[in-house]
Amino acid sequence: MYSTESAEYSETVTDRDASTDTATEPAGVQTPEAQAKVLVRDLKLWYGETQALYDINMDVVERQVTALIGPSGCGKSSFLRCLNRMNDLIPDVAIRGRVELDGQDIYAPHVDIVQLRSHVGMVFQKPNPFPKSIYENIAYAPRLHGIAESRSQMDELVEDSLRRAGLWNEVADRLDTPGTALSGGQQQRLCIARAIAVNPEVILMDEPASALDPMATATIEELIDELRHNYTIVIVTHNLQQAARVAGYTAFFHMGRLIEYNDTDTLFTTPREQKTEDYITGRYG
Ligand SMILES: Nc1ncnc2c1ncn2[C@@H]1O[C@H](COP(=O)(O)OP(=O)(O)OP(=O)(O)O)[C@@H](O)[C@H]1O
Ligand SMILES: [Mg+2]
């Protein structure tokens, strides 16, 4: 339904409330009917001379899980990093196009990147707790942002974040021990708790469970399912079963292009594009 070269695109657009459309929407835009939390238009990215993303158009739906799938090197992580300007840190990157969060251009000159990243948090493939206590892992960013004023408010925030990340019961009696002493799965939930602590609206996850065993992976997937009620989640995964389990929407990338984007059931059962079908049936990738 939201395929890149969809002939139905113009119908989809006219179905929408005209006031929500930007005047210059290009052909091939990705337009789920629900309100877009993150809107991507004509996004292109180069590392030096090499182009890694081509004309990506995509609406990320609010309070849904969107999975990014595709063969290694197709640009999933590059795209994900564009959504909170994580690529800004990489030298020689050039980015063109538009990314909006709630209608605001996140690449506009006045945007405060620290603020942006408090709205759009990130969880990485390898759990990366700070070399600090469990408590401090959570408290660090809220303190930086002046979110909790008193010690008791901070205590509450730490507990609440750990509860939301499904970790509280396992660590309540050892908040002063190092975050790095937890198991891999616990560390990843600590990193999710840390992302939640600054009250983000969007959480980006780049293969958050790929370094974990099946039990810890299942726990993370349950957590994602829980979080989806309060957050907009974009997750990169190589695990197609995982995408099918956790994501309401799935986007298939191939060689830097967004080939197809649809609700997960449709994308997996009746893909529109041959390339998508080849990938999900394991013909390459
Ligand atoms: N920091 C970088 N500098 C230069 N080129 C990069 C950089 N990061 C990624 N690339 C290149 O951009 C392309 C897309 O890479 P990216 O990491 O986004 O792919 P991916 O889909 O996340 O792959 P994987 O599934 O292996 O993680 C690749 O050709 C990669 O070599
Ligand atoms: Mg990647």
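Look a little higher up for the structure.
Before going into details, it helps to say that this report is about the structure given with it. Since this is a predicted model, take the numbers as computed values, not measurements. (Residues numbered from 1 in each chain as written. Chains lettered and ligands numbered in written order. Predicted model: local features only at pLDDT ≥ 70, side-chain atom pairs only at ≥ 80, totals over all residues.)

Description of the site of ligand 1
Part 1 of the argument: Looking at ligand 1, the residues that line it are Tyr47, Ala52, Gly70, Ser72, Gly73, Cys74, Gly75, Lys76, Ser77, Ser78 and Ile90.
Part 2 of the argument: Top contributing element to the shell around ligand 1 by residue count: helix α2 (residues 76-82), with three residues.
Part 3 of the argument: Across the shell around ligand 1, the residue classes break down as four nonpolar, six polar and one charged. (Near = placed C-beta within 6 Å. Helix = DSSP H or I, 4+ residues; strand = E, 2+ residues; numbered from the N terminus. Nonpolar A, V, L, I, M, F, W, Y, C, P; charged D, E, K, R; others polar.)

Some remarks on the sheet that holds strand β9 (residues 249-254)
Part 1 of the argument: Pairing within the open sheet is mixed, and its six strands lie in the order β6-β7-β8-β3-β9-β10. The open sheet has two edge strands with one neighbour each: β6 (120-123) and β10 (257-263). The sheet shows a mean angle of 20 degrees between the axes of neighbouring strands, taken without regard to direction.
Part 2 of the argument: When strand β7 (residues 202-206) meets strand β8 (residues 232-236), the two strands line up parallel, connected through five bridges. If you follow Asp206 over to β8, its bridge partner there is Val236. (Pairing = 2+ DSSP bridges. Axes fitted to C-alpha atoms, helices over the stretch in contact; angles between N-to-C directions.)

A word on unusual backbone geometry
Part 1 of the argument: Residues other than glycine seldom take positive phi values, yet Glu207 does so here, at roughly 45 degrees.
Part 2 of the argument: Residue placement: Glu207 occurs in the loop between β7 and α8 (214-227).
Part 3 of the argument: Of note in this structure, Met255 is not a glycine but carries a positive phi near 45 degrees.
Part 4 of the argument: Within the secondary structure layout, Met255 lies in the loop between β9 and β10.

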